[in-house]
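Coordinates in review
Here is how the chains run, residue by residue.
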Amino acid sequence: MTAAVAIKDSEVAVDEEGYLVNLADWNEEVANAMAAEDNIALTENHWEVINFLRDYYAEYQVAPAIRVLTKAIGKKLGPEKGNSKYLYELFPYGPAKQACRYAGLPKPTGCI
Amino acid sequence: MAVLHTTNKSPMQTRDLESCLRLSRPGSGILLMEDAVYGALKETAAGTMLSKTTKDKRIYVLGPDLAARGFTPEEVVPGVEVVDYGGFVDLAVKYHHVQAWV
Amino acid sequence: MSDTQDEGRGIPKVKRFMLVNRKAPYGTIYALEALEVVLIAAAFDQDVSLVFVDDGVYQIRKGQQTKDIGQKNFSPTYRALGDYDIEKLYVERESLEARGLAADDLLVPVQVLGAVELGALMDEQDVVFSF
């Protein structure tokens, strides 16, 4: 059984954990709709992480585990953003998992 | 720190045994099981290759797999030891770890 | 005995894991499975090393383009291993040379070792996984 996320008058298929079935279905509206279901309004800070993840995936074909994400964000956006406190505030359900889901990526490998 | 290496494919079919012999160190054990038992037979290229290594590596062949394929211990090259399942377990315990060449 | 004491105090023991890759990519699922295992092992903070022997060296050949075979090109992921603190990548010299390849043809920096050296390294491991 597949679930779906409603976007305006269409919907996209997601798996039982809420990740996109087809990565090509992603657009910004999909991310906004997923976040809205979690009662989160995406801000510029959220987008910074989501876009970072999409770039990372495009480059390495893998969704980074939380430890890798934190370190890589720190390297790119500075230590005030590359720490778990900051990232958990943005994505309370677990930064790697939740942000990867909004970014339309698979669940990160190595996330327990 | 001796390692027990296992291989389960016919050496006429794959190069697992060859790589195993190349990368295993003196003192290692090598157990041929399933289709790899063909490699322990006399008058095969693999058997000849194996008989040259029995001085610094112990070579074992799993008896039940040999019997299942219609061969007897007499048809195995000298220096290769035939073991049963119990013997296999003893080997796995005796060596530091088991490395499968699959 | 110190191992047991460490475990008693709740300090997780770091084991030396080695993954030995001996199959080419795409023809079978082994290479991709090994990559998944290595990423998971890294998440548990283990001492992980990756070895490429026989056709396994083809896994890290530069320039893989899988669009037309309808499979995911997972070769870029090897370049992310450094982010996962997996720095120990070894290639057997004999396997590389038998395939007419050199370290320059590979998409990640590796240590090229001869069979004798590599065999010694294999013997030092706690656990060896073969793919």
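Not measured: the values here are computed from a predicted model. (Residues numbered from 1 in each chain as written. Chains lettered and ligands numbered in written order. Predicted model: local features only at pLDDT ≥ 70, side-chain atom pairs only at ≥ 80, totals over all residues. Heavy atoms only, no water.)

**Some details on the overall build of chain C**
Threshold: Per the convention used, a helix needs a DSSP run of H or I reaching at least four residues, while a strand needs a run of E reaching at least two, with both numbered from the N terminus. The cut-offs for exposure are 20% and 50% of the maximum accessible area for each residue type, with area from a 1.4 Å probe on protein chains only; residues under the lower value are buried, those over the upper are exposed, and the others partly exposed. By definition in these notes, contact holds between two residues if any of their heavy atoms fall within 4.5 Å. Each accessible area value is a Shrake-Rupley result obtained with a 1.4 Å probe; residue values ignore everything except the protein chains displayed when judging cover. Charged residues are defined narrowly, with Lys and Arg counted positive, Asp and Glu counted negative, and His plus the chain ends left uncounted. We put the charge of a Lys on NZ, of an Arg on CZ, of an Asp on CG and of a Glu on CD.
Of regular secondary structure, chain C possesses four helices and five strands. The C-alpha extent of chain C, read off along each of the three principal axes, is 55 × 35 × 25 Å. Counting across all 131 residues of chain C, residues that qualify as buried make up 47%. A sequence separation of at least 24 residues applies to 75% of the contacts in chain C between residues at least 6 apart. Carbon and sulfur atoms form 52% of the exposed surface of chain C, whose accessible area is close to 6500 Å². Computing the positive centroid from 14 side-chain charges and the negative centroid from 22, chain C places the two 4 Å apart.

**Regarding the sheet that holds strand β3 (residues 58-62) of chain B**
Residue and element names in this part refer to chain B. Here is the rule: Two strands form a pair only when DSSP identifies at least two bridges running between them. All axes here are fitted lines through C-alpha atoms, helices being fitted over the stretch that makes contact, and every angle between N-to-C directions spans 0 to 180 degrees.
Across the sheet, five strands lie side by side as β4-β3-β2-β1-β5; this open sheet has parallel pairing. A single partner strand is all that each edge strand has here, and the edge strands are β4 (80-83) and β5 (97-101). For this sheet, the mean angle separating the axes of adjacent strands, direction not counted, is 25°. As judged from the four bridges shared by strand β1 (residues 3-7) and strand β2 (residues 29-32), these two strands associate in the parallel manner. When the sheet's bridge partners are listed, Leu4 is paired in β2 with Gly29.

**Looking at the interface of chain C and chain B**
Selection criterion: Salt bridge, as applied in this entry: a Lys or Arg side-chain nitrogen positioned within 4 Å of an Asp or Glu carboxyl oxygen. By the criterion applied in these results, polar contacts are pairs of N or O atoms within 3.5 Å in which, for protein atoms, one can donate a hydrogen and the other can accept it, and in which residues neighboring in sequence qualify only through two side-chain atoms. Amino acids outside the nonpolar list (Ala, Val, Leu, Ile, Met, Phe, Trp, Tyr, Cys, Pro) and the charged list (Asp, Glu, Lys, Arg) are all regarded as polar, and Gly is one of them.
Counting residues at the interface gives 19 residues for chain C, matched by 16 residues for chain B. A salt bridge links Glu92 of chain C to Arg22 of chain B, with the nearest nitrogen and oxygen atoms 2.6 Å apart. Between the two partners, chain C and chain B, sit eight residue pairs in polar contact (both at pLDDT 80 or more). Among the elements of the structure, α3 (93-98), α4 (115-123) and β5 (127-130) of chain C are those that each provide at least two residues to the side of chain C that touches chain B. With six residues, the top contributor of residues to the side of chain C that touches chain B is α4 of chain C. For the side of chain C that touches chain B, the per-class residue count stands at seven nonpolar, four polar and eight charged.

**Examining the interface of chain C and chain A**
Convention followed: A 1.4 Å probe defines the accessible area here, and the buried area is the portion of it lost by two parts on being joined, summed over both.
In this complex, chain C contributes 16 residues to the contact, which on the side of chain A involves 15 residues. Interface area, chain C with chain A, both sides summed: about 1400 Å², of which 49% is carbon and sulfur. At the surface where chain C touches chain A, the tally comes to three salt bridges. Between Glu59 of chain A and Arg79 of chain C there is a salt bridge, and its shortest N-O distance comes to 3.2 Å. Where chain C packs against chain A, one counts 10 residue pairs in polar contact (both at pLDDT 80 or more). Residue composition of the side of chain C that touches chain A, by class: eight nonpolar, two polar and six charged.

**A few points about the side chain of Glu92 of chain C**
Locating Glu92 of chain C in the fold gives a position in strand β3 (residues 88-92). On the accessibility criterion, Glu92 of chain C (0% relative accessible area) is buried. Within the local environment of Glu92 of chain C, its side chain forms a polar contact with the side chain of Ser95 of chain C, the two groups lying 2.3 Å apart. Not counting residues up to four positions away in its chain, the partners in contact with Glu92 of chain C are Arg22 and Leu23 of chain B together with Phe52, Val53, Leu113, Ala115 and Leu118 of chain C.

**So, the nonpolar core**
Nonpolar side chains in soluble globular proteins tend to end up buried together. Here is the rule we go by: To define a nonpolar core, start from buried Ala, Val, Leu, Ile, Met, Phe, Trp, Tyr and Cys residues and group those joined through side-chain atoms within 4.5 Å.
Judged by nonpolar contacts, the single largest core of 68 residues is most densely connected at Tyr102 of chain A together with Val38, Tyr78, Leu81 and Tyr84 of chain C. Sorting elements by how many residues they give to this core places helix α2 (residues 44-60) of chain A first, with eight residues. When residues no more than four places from it in sequence are discounted, the contact partners of Tyr84 of chain C are Tyr56, Val62, Ala63, Pro64, Ala65, Arg67, Val68 and Thr109 of chain A together with Leu39 and Ala42 of chain C.

**Considerations on the layout of surface pockets**
The condition is simple: Points on a 1 Å grid over protein atoms alone make up a cavity when a 1.4 Å probe fits among them but cannot get out, and a pocket when they form an open set with protein on both sides within 12 Å along at least five of seven lines; lining residues each have an atom within 4 Å of a point. Grid points are joined across faces, edges and corners, and a volume is the space filled by probe spheres set on the points.
Roughly 350 Å³ of volume is contained in the largest pocket. Around the largest pocket, the lining comprises 18 residues; the ones closest to its centre are Arg15 and Asp16 of chain B together with Arg22, Asp54 and Asp55 of chain C. Counting residues per element, the ones that place at least two in the lining of the largest pocket are α1 (16-23) of chain B together with α3 of chain C. Here the residues of the lining of the largest pocket are counted per class, giving four nonpolar, three polar and 11 charged. Put simply, the second largest pocket is a space of about 230 Å³. Contributing to the lining of the second largest pocket are 14 residues, with Gln61, Val62 and Thr109 of chain A together with Glu36 and Lys72 of chain C lying nearest its centre. With four residues, the top contributor of residues to the lining of the second largest pocket is helix α2 (residues 30-43) of chain C.

**Considering the environment of Thr66 of chain C**
Residue and element names in this part refer to chain C. Counting through the fold element by element, Thr66 comes out in the loop between β2 (47-52) and β3. Once the C-alpha coordinates of Thr66 and Tyr26 are considered, the two residues, 40 residues apart in sequence, prove to be 8.9 Å apart. Not counting chain neighbours up to four residues away, the residues in contact with Thr66 comprise Tyr26, Gln71, Lys72 and Asn73. Looking at Thr66, its side chain comes within polar contact range of the main-chain oxygen of Gln71, at 2.7 Å.

**Some words on unusual backbone geometry**
Comment: phi is negative for the bulk of residues other than glycine, and the bulk of peptide bonds are trans. Residues and elements named next belong to chain B. A positive phi angle is found at Glu43, which is not glycine, with a value near 65°. Relative to the helices and strands, Glu43 resides in the loop between β2 and α2 (45-51). For Glu43, a relative accessible area of 82% puts it in the exposed group.

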